[in-house]
Amino acid sequence: MVYSKSDLRRTIFRILPARLIITLLVGGLLVVIVYQLVVHQQLQQLAAVGKNRLVLYNSSIDGALSRYRHLPYLVTQVSQVKQLLKYPTSKSLQQWVNGYLYRIGEAANAAAVFILNADGYTIAASNAKTESSFIGNYYGFRPYFKAAQQNLPGQFFAIGVTTGEPGYFYSFPVLSSQAELIGVAVVKVDLEPLQAIWRQAEESVMVLDQYGIVVLASNSNWKYRSFKPLSNKVKQEIEEAQLFSNEQIQSLAISIVNETKQGKRVKIATSPGDYLLQSMQLPDLSWSLVFLSSTTSAKQYSRLIAGLVGLFGLFALLIGFLIRQRRLAKQFMQKAQEEHLARQQAILQEANAKLEERVLERTEKLEVAQAELVQKKKLAALGEMSAAIAHEFNQPLTAIRTYLSSCHLLLKHQRTIELADNLLQIEQLTGRMTNISKQLKTFAYSQPSALTKIDLVELVNNVMNIFKQQSGSEKIKLEIMPEMQQLIVMGDKTRLEQVVSNLISNALGAVKEKPNPYIQIKLNKQAGKAICQVMDNGPGIDSDIIEHIFDPFFTTKEVGVGLGLGLSIAYSFIRDLGGSLVAINNSEGGACFTVSLPCDGYTRSLS
């Protein structure tokens, strides 16, 4: 039986479909899980930002209103105001009070300051000389007037019935000597500048009054809309107080998508996408502050990450499919070869039997047959030898082909940095693997189960003695300042020796080109902390890299000299011991690395 290429393809594709379908299903499930995890993480970040923004906007609202809160009371303390309420027909008093209210309004940047008599009519106002003057208007229906009738200060938000402009009103009753109400001082605050700032910030924020109606918003389409249906009683209260003038209060058409620990995810009919809704009560104003974070960018980022994971998985699946196909092809061809050899052997055995019967008659033909058989065996041996050689070559070739395939994909996606890394890996694989394996072992260093008391002075001296034995270090001035006999800390001796050794080694490398090199170590105790400073007079640390100096694999040394793990490991060790490691540049030049560790016991200085 002879096997063709079509037989090979049919055999392979008969075996793979079930596994391929299962792998695709698992990969799809993984992509969905990754998407959900990234969305959750992004929503957590949005919630954290939203919480901070709520505090900030709360402060801005309080700052915008607090400076007007006591202004009505100050107006009531002016004697001319009380005299005008007693003698409302006095032209001179009217003129003086109007001018006074105008000056007060200008100085405080208030929208309006006006005085109502006991019947709720305006007798003086800062805008008396304007076309929209409040003089003679009746505002007895307003809640701030009703509060004053009960000898209470008032405050509320409403749209002006005269000007049609919204504002926040503060009021304070004016009482006679017999503690009877003779008038009300009112200040109107314009909150439009505050909303303009919100719009410039391009954030979604709104304020709800006690009825759940949007009174302030960064989006003008949301203003004077309700979060929930209004009861008939609420509608009647709003109409009687004329809070929103001729505005028709409609629903904001907000719907909840789902609720999470971070907040509610909602959709607003007038705005695209959905939002993460977070709120805060403003008890002094009986308002609710609402901050909406658009989830569009979070979902786009999550889809991007999930897509990359899916693409990587598809690529891995393709590689696995090709490897599986090669293995199946090899097995199939090996089986076909074995069957072919078995058939050949059967044919040869039959031929040998016939040749034995006819040996005397066909000796010459037998010699020819034997020669052909020898030739076939030679060819078979050559084939086996070629297969072995090809197998030996296929190992490195397969590895190189894998790197090159990855390079093609990286080049296609213009990921040049990773492409350069792959090419460098192909070129320097053997040498780099040894260095990397040595340094990566350090990360496997397990955290000690118990810390011990260590004399930091003795430890530093021991490390210094090691460095003093090295060639070239005799030209470097190594000092400990101030002289101390003992400084006890809790830690791990091996780790601390590695940290101090690494810092001194880095300092030695920094000052090796200096004509008068020196390294200075200072030991001290401050606020219950043991301080160890390693300073040098080298070139210092560039400002653009100092914030990355403790990152793993970050190094300024030449390729092959270092992998950038020393400072990262030192930073991790000190942090595990409850301390800190900080790098700065000295004002007189050079770098300074400061190790801070919790003290234990006492510090004894030399007498």
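Placed above this text is the structure.
Residues numbered from 1 in each chain as written. Predicted model: local features only at pLDDT ≥ 70, side-chain atom pairs only at ≥ 80, totals over all residues. Heavy atoms only, no water.

Asks: Please clarify how the overall build of the chain should be interpreted in this entry.
Replies: Assigned secondary structure in the chain consists of 13 helices and 20 strands. Each of the 607 residues in the chain was classed as buried or not, and the buried ones make up 35%. If you take every contact in the chain between residues at least 6 apart in sequence, the share linking residues at least 24 apart comes to 59%. Of the roughly 36,600 Å² of accessible surface on the chain, 55% is carried by carbon and sulfur atoms. (Helix = DSSP H or I, 4+ residues; strand = E, 2+ residues; numbered from the N terminus. Buried < 20%, exposed > 50% of the residue type's maximum accessible area, 1.4 Å probe, protein only. Contact = heavy atoms within 4.5 Å. Areas by Shrake-Rupley, 256 points an atom, 1.4 Å probe, with all protein chains shown as cover.)

Asks: Just checking my understanding: could you explain a negative patch on the surface for this structure?
Replies: Together, D542, D544, E547 and D551 line one region of the surface with negative charge. Mapping D542 onto the fold places it in the loop between β18 (529–536) and α13 (566–576). Using a relative accessible area of 48% as the deciding quantity, one classes D542 as partly exposed. (Patch = residues over 30% accessible without salt bridge, like charges linked within 9 Å, V, L, I, M, F, W, Y side chains within 5 Å. Salt bridge = Lys/Arg side-chain N within 4 Å of Asp/Glu carboxyl O. Lys, Arg positive; Asp, Glu negative; His and termini not counted. Charge placed at Lys NZ, Arg CZ, Asp CG, Glu CD.)

Asks: Explain helix α6 (residues 192–201) to me, please; I cannot follow it from the model alone.
Replies: Residues lying three or four places apart along an α-helix face the same way, a consequence of the helix completing one turn every 3.6 residues. Residues of α6 that are buried include every one of L194, Q195 and W198, and no others. Along the axis of α6, the buried residues cluster in a sector spanning 95°; they form a single face. When the buried face of α6 is taken as reference, the exposed residues oriented beyond 90 degrees from it are I197 and Q200. The positive-phi residue at the C-terminal boundary of α6 is E202, with phi of around 55°. (Arc of directions from axis to C-beta.)

Asks: What is the right way to read the packing of helix α12 (residues 493–511) against α13 from this model?
Replies: Helices that pack against each other are described as a pair by the angle of their axes relative to one another and the distance between those axes. Between α12 and α13, the least distance of the axes is 9 Å, while the angle of their chain directions is 140°. For the element pair α12 and α13, the recorded crossing hand is left-handed. Judged by residue contacts, R495, L496, Q498, V499, N502, L503 and N506 of α12 engage G566, L567, A570, F573, I574 and D576 from α13. Residues of the contact of α12 with α13, tallied by class, amount to seven nonpolar, four polar and two charged. (Axes fitted to C-alpha atoms, helices over the stretch in contact; angles between N-to-C directions. Left-handed = near helix turned anticlockwise from the far one by under 90°. Nonpolar A, V, L, I, M, F, W, Y, C, P; charged D, E, K, R; others polar.)

Asks: Would you take a moment to explain the packing of aromatic side chains for this structure?
Replies: Given two aromatic rings, their pairing is described by the distance between the two centres and the angle made by the two planes. Under the criterion given, the structure shown has 18 aromatic pairs. Relative to Y100, the ring of W96 lies with its centre 5.4 Å away and its plane at 10°, an arrangement referred to as stacked. Of the two residues, W96 and Y100 are both situated in helix α4 (residues 91–108); the distance of four residues between them amounts to about one turn of the helix. By relative accessible area, Y100 is classed as buried at 15%. Their ring planes at 70° and their centres at 6.5 Å tell us that F114 and Y144 sit as a pair that is edge-to-face. (Phe/Tyr/Trp six-rings, centres within 6.5 Å; stacked < 30°, edge-to-face > 60°.)

Asks: Please clarify how the sheet that holds strand β13 (residues 287–294) should be interpreted in this entry.
Replies: Strand pairs in the sheet, formed through backbone hydrogen bonds, run parallel or antiparallel to each other. Pairing within the open sheet is antiparallel, and its six strands lie in the order β7-β6-β13-β12-β11-β10. Because the sheet does not close on itself, it has two edges, and the strands there are β7 (214–217) and β10 (254–260). Across the sheet, the mean angle from the axis of one strand to that of its neighbour is 30°, orientation sign disregarded. In terms of strand pairing, strand β6 (residues 204–208) meets β7 through three bridges, oriented antiparallel. Paired with L208 across the bridge in β7 is V214. The sheet strands contacting α6 are β6 and β7, and the helix crosses β7 at an angle near 55°. (Pairing = 2+ DSSP bridges.)

Asks: Can you help me understand the pairing of strand β5 (residues 181–189) in this one?
Replies: Within a regular beta strand, the side chains point alternately toward one face of the sheet and then the other, so they alternate between its two faces. Most of β5 sits inside the fold, with eight of its nine residues counted as buried. Across six bridges, strand β1 (residues 112–117) lies against β5 in antiparallel orientation. Residue N117 lies in a different strand from β5, and its bridge partner there is G183. By the bridge criterion, eight bridges tie strand β4 (residues 166–175) to β5 in an arrangement that is antiparallel. The residue of β5 that forms the bridge with P173 is V184. Linking two consecutive strands that pair antiparallel, namely β4 and β5, is a turn of five residues; a positive phi of about 65° is found at A179 within it.

Asks: How should I be thinking about helix α11 (residues 456–468) in this particular structure?
Replies: Here α11 contains 13 residues, and its C-alpha end-to-end distance of 18 Å stays within 8% of the 18 Å for a straight helix at 1.5 Å per residue. Residues of α11 that are buried include every one of L456, V457, L459, V460, V463, M464 and F467, and no others. For α11, the arc enclosing every buried residue in end-on projection is 165°, short of the 170-degree limit, so these residues lie on one face. With a side-chain oxygen lying 3.1 Å from the backbone nitrogen of V457, the N-terminal cap of α11 falls on D455. (Expected span 1.5 Å × (residues − 1). Polar contact = N/O pair within 3.5 Å; in protein donor to acceptor, adjacent residues only side chain to side chain.)

Asks: Is there a simple way to think about a nonpolar patch on the surface in this case?
Replies: A surface patch of nonpolar side chains, amounting to about 570 Å² of accessible area, comprises L24, Y301, L304, L308, L311 and L314. Mapped onto the elements, Y301 comes out in helix α8 (residues 296–357).

Asks: I'm lost on the sheet that holds β4 in this one. Help?
Replies: Pairing in this open sheet of five strands is antiparallel, and the strands run β2-β1-β5-β4-β3 from one edge to the other. Of all strands in the sheet, those bounded by a partner on one side alone are β2 (122–125) and β3 (154–159). The average angle at which neighbouring strand axes cross in this sheet is 25°, direction not considered. In this structure, β3 lies alongside β4, joined through six bridges in antiparallel fashion. Pairing of I159 across the sheet is with P166, part of β4. Where helix α3 (residues 79–86) meets the sheet, its contacts fall on β1, β2, β4 and β5, and the angle it forms with β1 comes to roughly 40°.

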